[in-house]
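Architecture at a glance
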Amino acid sequence: MAANGNASRGSIYTINVNTFSRRLQILYTNWRLHKDELWGSADVLVVATPPPSNDLRYLKSSALNIWLLGYEFPETIIVFTNKHIHFMCRPKKASLIEVVKNSAKETVGVDVVVHVMAKNDSGSSQMDSLLDSIRSVSNSIGYIAREAPEGKLLEMWADKLKGSGLLLSDMTNGLSDLFAVKDKNEITCVKKASYLTACAMKNFVVPKVEKVIDEERKVTHALLMNDTEKAILDPVKIGFNLKSFNPKADTVDICYPPIFQSGGKFDLRPTASSDDEFLYYDSSSVIICAIGSSYNSYCSNIARTYLIDSNVVQSKAYEVLLKAHETAILALKPGRNMSVVYEAALAVVKRDAPELVPNLTKSAGTGIGLEFRESGLGLNAKNERLIKAGMIFNVSLGFQNLQANTSNPKSRTFSMLLADTIIVTDNGSDVATSASSKAMKDVAYSFSEDEEEVKVKHEPKEKDVVFAKATLRSDNGEMTKEVLRKQHQAELARQKNEETARRLAGAGSSNGDGRAAAKTANDLVSYKSVNELPPPRGMTIQIDQKHDAILVPVYGIMVPFHVATVKTVTSQQETNRNCCIRIVFNVPGTPFTPHDANSLKNQSAIYLKEVSFRSKDSRHISEVVQLIKTLRRNVMARESERAERATLVGQEKLVLSGNKFKPIKLHDLWIRPTFGGRARKLMGSLEAHTNGLRYSTTRNDERVDIMYANIKHAFFQPAEKEMITLLHFHLHNHIMVGTKKTKDVQFYVEVMEMVQTIGGGKRSAYDPDEIEEEQRERDRKNKINMDFQNFVNRVHDLWGQPQFRDLDLEFDQPLRELGFYGVPYKSSSFIVPTSSCLVEFVEIPFVVITLSEIEIVNLERVGLAQKNFDLAIVFKDFKRDVMRIDSIPSSSIDGIKEWLDTTDIKYYESRLNLNWRPILKTIMDDPKKFIEDGGWDFLNLEGTDSDSDNSGESDLGYEPSDVEPDSASEDDDSDSESLVESEDDSEEESEEEKGKTWEELEREASNADREHGAESDSEDERRRRKIKAMGKSRGSGGSSGGAAAKRTRFR
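My aim in this report is to walk through the structure given alongside it, one point at a time. (Residues numbered from 1 in each chain as written. Predicted model: local features only at pLDDT ≥ 70, side-chain atom pairs only at ≥ 80, totals over all residues. Heavy atoms only, no water.)

As for empty space enclosed by the protein
Rules: Using a grid of 1 Å spacing that covers the protein atoms alone, one calls a set of points a cavity when a 1.4 Å probe fits there but cannot get out, and a pocket when the set is open and has protein on both sides within 12 Å along at least five of seven lines; lining residues are those with an atom within 4 Å of a point. Grid points are joined across faces, edges and corners, and a volume is the space filled by probe spheres set on the points. The nonpolar class holds Ala, Val, Leu, Ile, Met, Phe, Trp, Tyr, Cys and Pro. Asp, Glu, Lys and Arg form the charged class, and all remaining residues, Gly among them, are polar.
Per the stated rule, a full pass over the model turns up 4 cavities of 30 Å³ or more. Roughly 60 Å³ of volume is contained in the largest cavity. Gln 717, Pro 718, Glu 720, Glu 722, Gln 813, Pro 814, Arg 816 and Val 832 together form the lining of the largest cavity. In the lining of the largest cavity, the residues fall into 3 nonpolar, 2 polar and 3 charged.

Below, the structure is given as structure tokens:
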């Protein structure tokens, strides 16, 4: 909480005795009247204020300090009893409190006792004195239960309080009721804060956004947030010219970082933040701006939605929202229940646009004052508390995730939000932020082409040649998509080079490949003492599975070896019916067994390399070999799993939902990756608990916990053209599913049952059984999708609670219309973008690529004659392997370019595949030269093509990989010529045939056949000529029959 000053700075601060006396009287009166219902039947009230912090926070302890004393007193403990008020604080604060002793005695008849802590005193003795004073009064104490102790002083106090044996009860409701109704001074502070907020919106934000749109600049939401915050902190520059404002005595601050949202990504929660995306203001776009500022610690809030060339759906939605918001404000009258406010707004939406009811926010706002959101004063359908004159509300209403009929994904999904600070008066309500208009005519902007044409048609002087944007427009006055895309990509290239330069300059040089050093093995111990050895069963090889040991006879003594020391074990049948077993051990220092830390300690040790035994019992030898191999495999698997678990990041424990709410469940799910083992796979249930999700089957060992704090992305993909409906979680840190270490966990249900037709006969489309079966399948799919949707909605509501808002969790849904086919690993998959990722959830391994982690995208093997092309994704972390998606149909390239451009990802095009690993190594080795040579400009296809006639070398010395003189095309499905032809082929081919494609050769062959009267050639002969011509056009270099070697998917 932004404080109204710091009481510990010195004598320049004084406590207003009159305000203290008046509010102390209100405190004791409220406490005595509502002791049982609001104050937890407490006879003693304890308030502990934490140390100061630079973070924006709202604590009831700090609010009580400011409300009662005028300042926030950090690291101060206040105890209220019927006869005393105890203050435990440092000397400077104690000197300020001296002035209130007389007024406290006169007002409520209590004595003020100050317990002073010296500068280096821990405060333990003073705390003991306080507890003794409390015990002498009562054993029932009221405290603020929701505030966790901060700092050593308050942690010590909390421990002493809990260990005192006193009865503790929560007094939060009492403080909420105390702060609910404001006096004249508080209302004045809120009015000034509201005027400051409205001035910032009207005089700074709106002109700033208008200028950005008018100049068509690329400005991020985060930059607008920073500029607005600076404007609020310097209020005189934005027209905040109140005569009573004293910059030296009065403090102004932000209530939260200003929020700017556009481009299809909206979050109406109070904890939303401005991201690094550019402000989007093309046709049918929506911009949300929200600002909160405080004056002498009293808060205010405003939110506005601005429409850019709005369509019919957006205009209607805003008109309904504006009417509902005004109705909610008018419903704020003394004597009414708070639920009436939300019900009034809901009634307007139901009457004018019932289809928008599901998108309406679940609350119409909250109380506001010293806290930005005052508990107990929510304007929702369930709150039956009475509205009183003097209460102040932040009336906030919005529509979330509305859909518009546009092809652009950045304007298809939109939200709207309106918020104002409202003061309840004796006769009604007063809008404190009315200086900023929200009328339709003031928030809707039209940048039609007709207006631009008028501006362009001013006659220019002939001597001034200006290539205005009008010269790039088509005949109907619109700029082509390709031109706009190229302009945007050019701007992205400049920004990307600057961003890469800053990042590389800040990273510094790093040696190595980023991999952690291998962990040395611990000493292998099978038996800690001789007494643990099993009794010998003759001079035969024994396997002790309990201790992971092999006991072999050496000179009449059973010698144990840990099975992990065994390298190989083999058996061989000899001619004289004897069987031989050979055991080879790992010897440190040999080529494939390097020295470890343990062997270096004992360099003088002598190691046994191998032992051989002969036996006439071949069956026993075979059994021993099999047991050793099995035991060794199990031990290695166990050690591997233990090593994997050792690298896991520690997770918090799952807190099961208790009496507060029943866990949200989804039954009959499969999980991927699956649990290990050969047992029959079982379906399980997914449950949402207090701080995480749990999937479990009927087996006790089959359980997976996913903490909410570990979820990076959550996805819900209903079954449309797929056979499964699924929930997919991409995590920050790895977890173990069975024995597998993974960052991706998926839960799914198959919506189509496996049906096998017996008899093989073709069934009619009008067969009643067939129609009924299809209907059952549709009903099953719809039911499963609906069950998943209900689960997602309920979990999403859970994630909306205050403790999870910082995690910014929400379920994302793939946009199928933007999807394309490609080969990310081994098989072709349908890859789909979401709002924040590029994903594929059907084939294993899964694909989840976070868009914010992408540096650039390179489209490879792009050419007119190519049927397919490849997509290489370079990440901002250059130590990370480049992700390749191969064999994408060329028909998808325009859609992919459009999607990349709308998500502000810079892409390049090249004719060949590049070997990215040496390229990135060159960049990291000499980032300065990379920047000086133009950054990523070496990937520019237009620049490299223009120089290809004069130079055979690519820019900056980067050479494409997988191109050898006698290699064929890498894509078996492509009908194009080889990328690089061999010299032998070029000598054998005539000059006429060198540049001819297969189609031209086939056409010439057909013409020649017709001239010789061969029009009646058989289909087989034509096919042979076609294959022959195709082979000639491609060249005969390289392997004659084998396919080209497959590329590794990661570079």
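Anyway, onward from the coordinates.
Some points on the packing of helix α2 (residues 60-69) against helix α7 (residues 172-180)
Spelled out, the test is: Convention adopted: a line fitted to C-alpha atoms gives each axis, helices being fitted over their contacting stretch, and angles between N-to-C directions are expressed from 0 to 180 degrees. Put simply, DSSP marks the helices as runs of H or I at least four residues long and the strands as runs of E at least two long, and each gets a number from the N terminus on. Here the angle decides the label: under 35 degrees means roughly parallel, over 145 means roughly antiparallel, 65 to 115 means roughly perpendicular, and every other value means oblique. In this scheme, a crossing is called left-handed if the near helix is turned counterclockwise away from the far one by less than a right angle; it is called right-handed if the turn is clockwise. Contacts: residue pairs with any heavy atoms within 4.5 Å of one another.
Running from amino to carboxyl end, α2 crosses α7 at an angle of 40°, the nearest separation of the two axes being 11 Å. Looking at the two axes, α2 sits oblique to α7. Of the two elements, α2 crosses α7, and the hand of that crossing is left-handed. Where α2 abuts α7, its residues Lys 60, Ala 63, Leu 64 and Trp 67 lie against Thr 172, Leu 175, Ser 176, Leu 178 and Phe 179. The class makeup of the residues in the contact of α2 with α7 is 6 nonpolar, 2 polar and 1 charged.

Observations regarding the nonpolar core
Spelled out, the test is: Note on terminology: a nonpolar core comprises buried Ala, Val, Leu, Ile, Met, Phe, Trp, Tyr and Cys residues joined through side-chain atoms within 4.5 Å. Three exposure classes are used, based on accessible area relative to the maximum for each residue type with a 1.4 Å probe and protein chains only: buried under 20%, partly exposed in between, and exposed over 50%.
Of all hydrophobic cores here, the largest spans 129 residues; its most connected members are Leu 24, Tyr 28, Trp 67, Phe 80, Ile 287, Phe 393 and Phe 399. A per-element tally of this core places helix α8 (residues 184-214) first, with 12 residues. Residues within four places of Trp 67 in sequence aside, it is in contact with Arg 23, Ile 26, Leu 27, Leu 178, Phe 179, Glu 186, Tyr 298 and Leu 370. Counting residues in hydrophobic clusters, the runner-up holds 35 residues, among them Ile 664, Tyr 708, Ala 719 and Trp 799.

Side note on the pattern of salt bridges
Here is the rule we go by: A pairing counts as a salt bridge when a side-chain nitrogen of Lys or Arg comes within 4 Å of a carboxyl oxygen of Asp or Glu.
In this structure the tally under the stated criterion is 49 salt bridges. Lys 921 serves as the salt-bridge partner of Asp 925, at 3.0 Å between the closest nitrogen and oxygen. Within this pair, Asp 925 and its partner Lys 921 are both found in helix α20 (residues 916-925), separated by 4 residues, close to a single helical turn. For the pair Asp 925 and Lys 921, one class covers both residues: exposed. Here Asp 933 and Lys 929 are joined by a salt bridge, their closest N and O atoms 2.7 Å apart. Asp 933 gets classed as partly exposed once you look at its relative accessible area, which sits at 33%.

Thoughts on the sheet that holds strand β31 (residues 829-833)
For the record, the criterion: DSSP calls a pair of strands paired once it identifies at least 2 bridges connecting them.
A sheet is described by the order of its strands in space; here 4 strands give the open sequence β30-β31-β32-β33, paired in antiparallel fashion. Taken across any chain shown, the strands that pair with only one partner, and hence form the sheet edges, are β30 (820-822) and β33 (847-850). The average angle at which neighbouring strand axes cross in this sheet is 25°, direction not considered. Two elements, β31 and strand β32 (residues 837-840), share 2 bridges in a ladder whose sense is antiparallel. For Pro 833, the partnering residue across the bridge sits in β32 and is Leu 838.

Thoughts on unusual backbone geometry
Geometrically, the link from Arg 672 to Pro 673 is a cis peptide bond, its omega value of 0° lying close to zero. For Pro 673, the position within the fold is in the loop between β22 (664-672) and β23 (684-688). Cis geometry marks the peptide bond from Ile 844 to Pro 845, where omega comes out at 5°. Here Ser 284, not a glycine, exhibits a phi torsion of approximately 65°, which is positive. Along the chain, the position of Ser 284 falls in the loop between β8 (259-261) and β9 (285-295). Given a relative accessible area of 10%, Ser 284 falls into the buried group.

Side note on the packing of aromatic side chains
Stated precisely, the cut-off is as follows: Any Phe, Tyr or Trp ring, taking Trp's six-membered ring, that has another such ring centre within 6.5 Å forms a pair; planes under 30 degrees apart are called stacked, those over 60 apart edge-to-face, and the others tilted. Note on geometry: a ring has a charge over it if NZ (lysine) or CZ (arginine) is within 6 Å of the ring centre and within 35 degrees of the ring normal.
Throughout the structure, instances matching the rule amount to 20 aromatic pairs. Ring centres of Phe 675 and Tyr 695 lie 6.4 Å apart, and the angle between their planes is 15°; on these two criteria the pair is classed as stacked. Of this pair, Phe 675 sits in the loop between β22 and β23 while Tyr 695 sits in strand β24 (residues 692-696), placing them 20 residues apart in sequence. Comparing Phe 675 with Tyr 695, the two get one shared label, buried. Between the aromatic rings of Tyr 821 and Phe 830, the centroid separation amounts to 4.9 Å while the plane-to-plane angle is 55°, which identifies the pairing as tilted. Above the face of the Phe 278 ring, Lys 218 is positioned so that its terminal group lies 5.9 Å from the ring centre. Seen from the ring of Tyr 748, Arg 672 lies directly overhead, with NZ or CZ sitting 5.1 Å from the centre.

Quick notes on α20
Heads up, the condition is: The arc in question is formed by the directions pointing from the helix axis toward the C-beta atoms.
Taken together, the buried positions of α20 are Trp 916, Ile 919, Leu 920 and Ile 923. Seen end-on, α20 carries its buried residues on one side only, within an arc spanning 90°. When the buried face of α20 is taken as reference, the exposed residues oriented beyond 90 degrees from it are Arg 917, Lys 921 and Asp 925.

Overview of the side chain of Ser 300
Threshold: Each polar contact in these results corresponds to two N or O atoms within 3.5 Å; when the atoms are within protein, one needs to be able to donate a hydrogen and the other to accept it, and residues that are neighboring in sequence are counted only if both atoms are side-chain atoms.
Residue placement: Ser 300 occurs in strand β10 (residues 298-308). Look at Ser 300 and you get buried, because its relative accessible area is 0%. A polar contact of 3.4 Å, which involves the side chain of Ser 300, links it to the backbone nitrogen of Ser 194. Look past the residues within four positions of Ser 300 in its chain and what remains in contact with it is Val 190, Ala 193, Ser 194, Thr 197, Cys 255, Ile 291, Gly 292, Ser 293, Ile 368, Phe 372 and Thr 421.

Quick notes on the sheet that holds strand β34 (residues 854-860)
With mixed pairing, the 4 strands of this open sheet are ordered in space as β36-β35-β34-β37. Unpaired on one side and paired on the other, β36 (883-889) and β37 (907-909) mark the two borders of the sheet. For this sheet the average axis-to-axis angle between neighbouring strands, irrespective of direction, equals 20°. In this sheet, β37 lies alongside β34 in parallel orientation, the contact comprising 3 bridges. Paired with Val 857 across the bridge in β37 is Tyr 907.

Such coordinate-based values are descriptive only and should not be taken to indicate function.
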